[in-house]
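A structural walkthrough
Below are the chains, spelled out letter by letter.
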Amino acid sequence: NTMEPGSGGETYFPHLGFQVHASAGSAVMWKNRLPDGSADPRMHHEAKPVLKGVKYGMNCFVNMKPQRDAGHIVLVQHTEDDEGVEGVGEAKDDEDVGTEETESPALTAAAA
């Protein structure tokens, strides 16, 4: 969302000496690692206080290397009729995990 000028909520990079004002439909993305893989201290940042209004934000982390084995995650299709049905969308034991053919494109991640 766009913050009105003077309403705060900027993302401030103190080691670089600049800040980014929130603007609807925009994103700020940066690498926080040096070529050798160590942390880049210049990328330390902070959210300035919101003085007026509401600021919405989202974090998305992209890793250089795999962080964990995600092979145990199974996508299970379900329909709106499944809403409130016990076990749908919940973690399941290995022997209970499977997929069902449905007409719904909705997917739920279920950990095996």
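As the structure is a computational prediction, the values presented were derived from the model and not from experiment.

1. Focus: the environment of G25
Relative to the helices and strands, G25 is located in the loop between β2 (18–20) and β3 (46–47). Taking C-alpha positions, G25 is 7.1 Å from N1, a pair spaced 24 residues apart along the chain.

2. Considering the confidence of the model for the chain
Of all residues in the chain, 72% attain a pLDDT of 70 or more, and the chain-wide mean is 76. Long-range and interchain partners of residues 91–112, a stretch whose pLDDT sits below 50, account for 43 contacts in this model, where long-range means more than four residues apart.

3. Observations regarding the sheet that holds β3
Neighbouring strands of a sheet are bound in pairs by backbone hydrogen bonds; such pairs are parallel or else antiparallel. Pairing in this open sheet of three strands is antiparallel, and the strands run β2-β1-β3 from one edge to the other. Taken across any chain shown, the strands that pair with only one partner, and hence form the sheet edges, are β2 and β3. Alignment of strand β1 (residues 11–13) against β2, held across three bridges, turns out to be antiparallel. If you follow T11 over to β2, its bridge partner there is V20.

4. Notes on the pattern of salt bridges
On inspection of all chains with the given rule, the structure shows two salt bridges. E4 is the partner of K52 in a salt bridge, and the nearest nitrogen-oxygen pair spans 3.4 Å. Here the residue K52 occupies a position in the loop between β3 and β4 (73–77), and E4 occupies one in the segment before β1, the gap between them amounting to 48 residues. A relative accessible area of 49% means that E4 is categorised as partly exposed. The residue D40 makes a salt bridge to R42 at a minimum N-O spacing of 2.5 Å.

Basis of the calculations
- Residues numbered from 1 in each chain as written.
- Predicted model: local features only at pLDDT ≥ 70, side-chain atom pairs only at ≥ 80, totals over all residues.
- Heavy atoms only, no water.
- Helix = DSSP H or I, 4+ residues; strand = E, 2+ residues; numbered from the N terminus.
- pLDDT = per-residue confidence, 0-100.
- Contact = heavy atoms within 4.5 Å.
- Pairing = 2+ DSSP bridges.
- Salt bridge = Lys/Arg side-chain N within 4 Å of Asp/Glu carboxyl O.
- Buried < 20%, exposed > 50% of the residue type's maximum accessible area, 1.4 Å probe, protein only.

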